[in-house]
Amino acid sequence: MFKILLTNPRIKVSWVKAHAGDIGNERADQLAKDATQHGQPYSHTKLPKPHIKDLLRKRMLEEWQTSWNIGDTGRKIFNIMPSVSLRPTNWIREDVIFFSQHGPFPTYLKMFHLSDSDYCSCGGIGTALHSATECIYTVSWHMRKPAPNFEQECLKRVANNLVSRHKIRGIIKCISENRDLFRPP
């Protein structure tokens, strides 16, 4: 039964109240009765728990990866981390804010009508990348601005570099603590 469940992911096992008129349950009861009276003796193949856990972990990761691949949310993070993993990223709140671009950035705030403009008060378009590469108010933490066709590759490198992530954290803290400074006039 375990092998059948592993090879047929569409089969779901759930508890059903006995003798409540459920057609499938009644049929299963009848088949079980027939098997005990007329069927072959049951042979149990014992698998080691670590093996079962490994099979289940692999299956869970495959399903998670499939869901991540075809999903329509979290695409900014997906572009940086296309593969799921059980290893922690060691990201903190500021990292998530920067890489998801869901934070105190004018472009994000305008999208939700929390700001009238998507421009930073320095005059540039207020994206996360603008804050990290060219905003005059965050110059202490600047990184080199990538060419437009290399932005995703740059974000992947920043995500995997602790020094760069410390810069990002400084930028997010600065923007969060000085929100009025970054709003357009």
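Position numbers for residues count from 1 along each chain, tracking the sequence in the order it is written. In keeping with the model being predicted, local features are shown solely for residues with a pLDDT of at least 70 and side-chain atom pairs are shown and tallied solely at 80 or more, while totals for entire chains, interfaces and linings include all residues. To obtain the side-chain values, all non-hydrogen atoms of the structure were included, while hydrogens and water were left out.

- The name that an unreviewed UniProt entry assigns to the protein is RNase H type-1 domain-containing protein, with the source organism given as Araneus ventricosus.

1. A short note on the nonpolar core
- Buried Ala, Val, Leu, Ile, Met, Phe, Trp, Tyr and Cys residues form a nonpolar core when they are joined through side-chain atoms within 4.5 Å. Under the scheme applied here, a residue whose accessible area is under 20% of the maximum for its type counts as buried, over 50% as exposed, and between as partly exposed, the area being computed with a 1.4 Å probe on protein chains only. Counting 28 residues, the largest nonpolar core has F98, F99, F105 and I168 as the members making the most contacts within it.
- Working definition: helices are DSSP H or I runs of at least four residues, strands are E runs of at least two. Numbering for both runs from the N terminus. Of all the elements, helix α9 (residues 162-177) adds the most residues to this core, at 5 residues.
- Should any heavy atoms of two residues lie within 4.5 Å, those residues are counted as being in contact. Other than its neighbours up to four places away in sequence, I168 contacts E94, F98, A132, M143 and V158.

2. Some thoughts on the confidence of the model for the protein
- Predicted confidence across the protein gives a mean pLDDT of 88, with 96% of residues reaching 70 or more.
- Of all secondary-structure elements in the protein, the lowest mean pLDDT belongs to helix α1 (residues 2-7), at 77, while helix α5 (residues 93-100) reaches the highest, 95. Scored from 0 to 100, pLDDT reflects the predictor's confidence in each residue.

3. Some remarks on the UniProt feature "domain: RNase H type-1" (unreviewed entry) in the protein
- UniProt positions are given in the numbering used here, feature names are shortened, and annotations may be inferred rather than shown by experiment. Taken from the UniProt record, the annotation "domain: RNase H type-1" (unreviewed entry) applies to residues 1-37.
- Helix makes up 57% of residues 1-37 and strand 0%, with an end-to-end C-alpha separation of 19 Å.

4. Structural notes on helix α8 (residues 151-159)
- Taken as a whole, α8 has its buried residues at C154, L155, V158 and A159. Each buried residue of α8 lies within a common arc of 135° when the element is viewed along its axis, so the set occupies one face.
- At its buried positions, α8 is contacted by α4 (75-80), α5, α7 (128-133) and α9. The arc in question is the one spanned by the directions pointing from the helix axis to the C-beta atoms.

5. Observations concerning a positive patch on the surface
- On the surface, K46, K49, K53 and R57 cluster together into a positively charged patch.
- Mapped onto the elements of the fold, K46 is located in the loop between α2 (23-38) and α3 (49-70). Patch construction takes residues with relative accessible area above 30% that form no salt bridge. Like charges are linked within 9 Å, and nonpolar side chains (Val, Leu, Ile, Met, Phe, Trp, Tyr) are linked within 5 Å. Throughout, the Shrake-Rupley method with a 1.4 Å probe supplies accessible areas, and for residues the shown protein chains are the sole cover considered. By definition here, a salt bridge exists when the distance from a side-chain nitrogen of Lys or Arg to a carboxyl oxygen of Asp or Glu is within 4 Å. Neither His nor the chain termini are counted; the positive set is Lys and Arg, and the negative set is Asp and Glu. Charge placement uses NZ in Lys and CZ in Arg. For Asp and Glu, CG and CD serve respectively.

6. A closer look at the packing of α5 against α9
- Fitted lines through C-alpha atoms give the axes, limited to the stretch in contact for helices. The angle between two N-to-C directions lies from 0 to 180 degrees. Between α5 and α9, the shortest axis-to-axis distance is 9 Å and the interhelical angle comes to 85°. With respect to α9, the element α5 is oriented roughly perpendicular. For the pair formed by α5 and α9, the contact residues are E94, D95, I97, F98 and F99 on the first element and R165, I168, R169, I172 and K173 on the second.
- Under the scheme applied, nonpolar residues are Ala, Val, Leu, Ile, Met, Phe, Trp, Tyr, Cys and Pro; charged residues are Asp, Glu, Lys and Arg; polar residues are all the others, including Gly. Class assignment for the residues of the contact of α5 with α9 results in 5 nonpolar, no polar and 5 charged. Oblique is the label for any angle not under 35 degrees, not over 145, and not in the 65 to 115 range, which are roughly parallel, roughly antiparallel and roughly perpendicular in turn.

7. Here we look at the side chain of S115
- Secondary-structure assignment places S115 in the loop between α6 (106-111) and α7.
- You can call S115 buried: its relative accessible area is 16%.
- Other than its neighbours up to four places away in sequence, S115 contacts L109 and K110.

8. Considering a nonpolar patch on the surface
- A grouping of F2, L47 and L56 is seen on the molecular surface, where their side chains present a nonpolar patch of about 220 Å² in accessible area.
- Structurally, the position occupied by L56 is in helix α3.

9. Things to note about the environment of M81
- With respect to the helices and strands, the residue M81 is situated in the loop between α4 and α5.
- Placed 78 residues apart in sequence, M81 and A159 show a C-alpha to C-alpha distance of 9.0 Å.

10. Quick look at the environment of M143
- Looking at where M143 falls in the secondary structure, it is placed in the loop between α7 and α8.
- Distance from M143 to A18, taken between C-alpha atoms, is 65 Å for residues 125 residues apart in sequence.

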